[in-house]
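The chain contents come next:
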Amino acid sequence: MKNQMQHRRRTKMLPVQQTASVVARLRADLGLTQSAVAKEAKLDQSRISRLEKGEALGRAEIDSILDALSSLGSPHAGNFKAFVDRDWHNIEPPSFWNPQRSHLEAADEVLGNVAIFLQEPNHPWPVRRHIERHRDLLASATSYLTRMDHNVAFIGNIGVGKSTAISFLFDLLIPPTTVSNPLKRTVLETGAGGTTICEVHIKRGPEFGVAVVPLNDNEMRQRVSDFCNVIWFTVSEASQDVGGDGARVSKEMDRALRNMSQLNRRTETQNGKKITVDPAADLARSCESEAELRARVIERMQLPDRNRRELWYDSATHKHPIEWVKEAFSAINKGQLDEVPLPETIDLLVPNFAKDLGDLELTLVDTKGVEDHAVREDLEARLRDPRTTVVFCSGFNDAPGPTTGALLKHMRETFAEGLDPGKAAILALPLSGQATAMKNDVGEEAENDADGYELKEAQILEKLTAEGVKALPVLFFNVVSDEPVEVRDRLLGQLTRMRERGADHLLDLCAAVEHLMENIEQQALHLAIEEVANRLSTFLKANRKLGTRERLPYVDVMSTLKGIRYASTLWAATRRNGEYSGLNVVHMIGSGAARDARARCEGWFKALDAFLNALKADKDLALAERTIDQIRNSAAASKTFFLETVQQAGMEVYREPLKQAPVWQQCASEWGRGSGFKERVAGHLEKWFDKQSQYRDKVEEAVNASWDKQVIAPMLRLAEESAPKVIARAVSPSNVISFPAAITS
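Below is a summary of the structure that appears in this document.

The rules behind each value
Residues numbered from 1 in each chain as written. Predicted model: local features only at pLDDT ≥ 70, side-chain atom pairs only at ≥ 80, totals over all residues. Heavy atoms only, no water. Helix = DSSP H or I, 4+ residues; strand = E, 2+ residues; numbered from the N terminus. Buried < 20%, exposed > 50% of the residue type's maximum accessible area, 1.4 Å probe, protein only. Contact = heavy atoms within 4.5 Å. Lys, Arg positive; Asp, Glu negative; His and termini not counted. Charge placed at Lys NZ, Arg CZ, Asp CG, Glu CD. 1 Å grid on protein atoms, 1.4 Å probe; cavity = no way out; pocket = protein on both sides within 12 Å on 5 of 7 lines; lining within 4 Å. Points joined across faces, edges and corners; volume = space filled by probe spheres on them. Pairing = 2+ DSSP bridges. Arc of directions from axis to C-beta. Axes fitted to C-alpha atoms, helices over the stretch in contact; angles between N-to-C directions. Parallel < 35°, antiparallel > 145°, perpendicular 65-115°, else oblique. Left-handed = near helix turned anticlockwise from the far one by under 90°. Salt bridge = Lys/Arg side-chain N within 4 Å of Asp/Glu carboxyl O. Nonpolar A, V, L, I, M, F, W, Y, C, P; charged D, E, K, R; others polar. Core = buried A, V, L, I, M, F, W, Y, C linked by side-chain atoms within 4.5 Å.

### Side note on the overall build of the protein chain
Check the secondary structure of the protein chain and you find 28 helices and 13 strands. Counting only C-alpha atoms, the protein chain reaches 100 × 75 × 65 Å along its principal axes. Considering the protein chain as a whole, with its 745 residues, one finds that 52% of them fall into the buried category. Expressed as a percentage of contacts within the protein chain between residues at least 6 apart in sequence, the contacts between residues at least 24 apart total 77%. Separation between the mean location of the 96 positive side-chain charges and that of the 105 negative ones in the protein chain comes to 3 Å.

Right, dumping it as structure tokens:
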């Protein structure tokens, strides 16, 4: 087939910069100077220099340079020469170092053959439509593999040690000659929890630097408002016992806001006794109202002058670059730089970061530690991102830990499918002596850490299995005694598994479309596809309805609020109309809607799976096996889209009504009235939800509309497009289905 379909399409040229970087790398790998390569290539050394700087050279000169590198011992120069010779007609040229380059080359050829096939107008309707669908899927799959950027996100409770582990695993350490305590060498700020103010990214940069994305103005002022409310409440006569959990902002936020406003507490000695002086409290006592206090704190911060977003290393400091990064990060994290705003995220930029660990463009994500509610919107985004592998961090004794358990349960109940290979791993972080304290079934303690790790891994896997979670890789890392290389390699191997799965999917798509094109003349294939379409249409007519609602979208909100560890977390949420980064009621409603939707559709998808298995078992439909596989894959994608749409619909239906509802003023006013704050807030919200029945009806309408649009309609289109052309025209989607205007808009 490939020989029959030679195509002539506009070639996508290899970027000059890629040629420059590859040549420079091949030369550096050999440890050769530019002049040595130039001598072998019989060129002036300036030609090598110009090429490596990104200037375009003639093809003959490039060939001479690559031949020279090959003669000098480069194992890759010949392959790169062939790579340069290759014309890319249908996808963007990938990196030469892309691990799936051969898969992408195959996909480019298949897409070219597809383009020629579709130019022929007389091909049978069902096959043509299937090939068009495969073309779109191929384009999506190649886009995923062409990109080389991936994230490794570390998730865990505050104080569990993930920032320390990241620093040691990826050699983000200042030189040992600088400090004597190894644990003080970490670039990331570490401590007993409540240390890092925001999410931190470590990535490759042009030079050593630190960049910040600031909090938006509204959230910045809200953080100041929280801080001032705590101070005002503390000094006011209304201050009362609130059940052992007084109003507070997080330790790291309190520290940063005090530094930014020059209101740091200090210790003084009076009458021979040390006392703590709080300038913020003194400022509050001098104000007539809480509003005046807020205005004066904001004025002290000089927010308009805080407009610097990037800091870059200057060798004139005479500091080691990594030491400078550590100090700059620490100062930003603590709010100690007058020109830098309060950050939403901080990026640590390191030249050639992780370059020796492979060719992927790696970003490490140190997520904000979980202090209370684990199912946060930012963490869910990491769990859903197909380019991110997640590392669930926990202490050793309680591994896999409550946060890991809560997030895995959330995924199991609201995500369409289970965890893909490479998506997640568990990293238990033992302290010295914890592994050897493990005991086997007869009560004997582990002889060494390795034995203790083995015993603990068996416990963790048993617990995961009992909770319905497929086995995840379990790793252990004691930063004091364990070597980081093996653990780091296993974590990065997760990304390899993710990409290999994508590569397998790409090859399956290539094989499927080639099978269809190669069997285009077989009448039996057309008849088999049409029979599958007829049976699918019959199945859909008999099984179109979604199951009835099993639970209201907000049913879990009240129990979650009552179970919050810190009442001050709920207090912060009430001051933001329920949308707080640490506790988002709107997000919980969306998750509840998705949880109900998944429970309602599970039976339908199991029935579809059984139906498709029966089709594949039918020998008369053997030629349509690829078509059946496409239906199965389309159904899996539809399930994902359906649940994600339902979650967003649940959030959007309730977001504005909750934002405008006076219930939040009622909830916030409960603060300071003694113990039982969480229960009283939950009570107010439960009454509000019960009265506002129109919103749960809107969610139900959106769920059913999404079911029709995201699941049934795509299945109907597959059936119609596989039917003879005359039938497909008669049964168009517009004649089969319609959607409420509120959803389609």
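This is not the end of the story, as more comes after the structure.
### Points about the layout of surface pockets
Take a probe with the size of a water molecule and roll it over the atoms, and the empty space left behind shows itself. The calculated volume of the second largest pocket comes to roughly 1400 Å³. Lining of the second largest pocket is provided by 45 residues; of these, E219, R223, Y580, S581 and G582 occupy positions nearest its centre. Contributions of two or more residues to the lining of the second largest pocket are made by α9 (217-235), α10 (251-260), β7 (343-350), α14 (377-384), α20 (567-574), β12 (579-580) and α22 (625-660). Here the lining of the second largest pocket takes five residues from α9, the largest share from any one element.

### A look at the pairing of β7
Most of β7 is tucked away, with seven of its eight residues classed as buried. Of the pairings in the sheet, the one linking strand β2 (residues 199-204) to β7 comprises six bridges and is parallel in character. By the bridge assignment for β7, K203 is matched with L349. Relative to β7, strand β3 (residues 209-214) is paired through six bridges, and the arrangement is antiparallel. Pairing of A211 across the sheet is with D347, part of β7.

### Regarding unusual backbone geometry
Residue P400 is bonded to the preceding A399 through a cis peptide linkage, with omega at 10 degrees. When you line up the elements, P400 lands in the loop between β9 (388-395) and α15 (402-414). We note that N577 has phi near 55 degrees; this positive angle belongs to a residue other than glycine. By the element assignment, N577 lies in the loop between α20 and β12. Relative accessible area serves as the criterion here: at 22%, N577 is assigned to the partly exposed category.

### Quick notes on helix α5 (residues 77-85)
Listed in full, the buried residues belonging to α5 are A77, F80, F83 and V84. Considered in projection along α5, the buried side chains sweep an arc of 115 degrees and stay on one side of the axis. Residues of α5 that are buried in the fold lie against α1 (16-30), α4 (59-71) and α6 (101-119).

### Some remarks on the packing of helix α18 (residues 523-542) against helix α25 (residues 693-721)
Running from amino to carboxyl end, α18 crosses α25 at an angle of 150 degrees, the nearest separation of the two axes being 8 Å. On the basis of their axis angle, the class for α18 and α25 is roughly antiparallel. The way α18 lies across α25 gives a crossing that is left-handed. Across the interface between the two elements, A533, L536, S537 and L540 of α18 pack against I712, M715, L716, L718 and A719 of α25.

### Quick word on the pattern of salt bridges
Tallied over the full model, the rule gives 55 salt bridges. For R59, the salt bridge is made with D63, and the minimal N-O distance between the two is 2.9 Å. A residue pair is termed a helical-turn pair when its members lie 3 or 4 positions apart in one helix, as R59 and D63 do in helix α4 at four residues. One salt bridge in this structure joins R147 and D149, with 2.6 Å as the shortest N-O distance.

### Describing the packing of helix α24 (residues 677-691) against α25
Running from N to C, α24 and α25 point in directions that differ by 65 degrees, and their axes come no closer than 5 Å. With respect to α25, the axis of α24 lies roughly perpendicular. In this structure, α24 contributes W688, F689, D690 and K691 to the contact, and α25 contributes S693, Q694, Y695 and R696. Its residues assigned to classes, the contact of α24 with α25 shows three nonpolar, two polar and three charged.

### Details of the nonpolar core
F154, L348, L364, L427, W604, F642 and Y654 are the most contacted members of the largest nonpolar core, which has 185 residues in total. Here the element with the most residues in this core is helix α21 (residues 585-617); it accounts for 13 residues. In contact with W604, not counting residues within four places along its chain, are F539, L540, N543, R544, K545, W707, V711, I712 and M715. Of all hydrophobic cores here, the second largest spans 26 residues; its members include I155, F392, V469 and V474.

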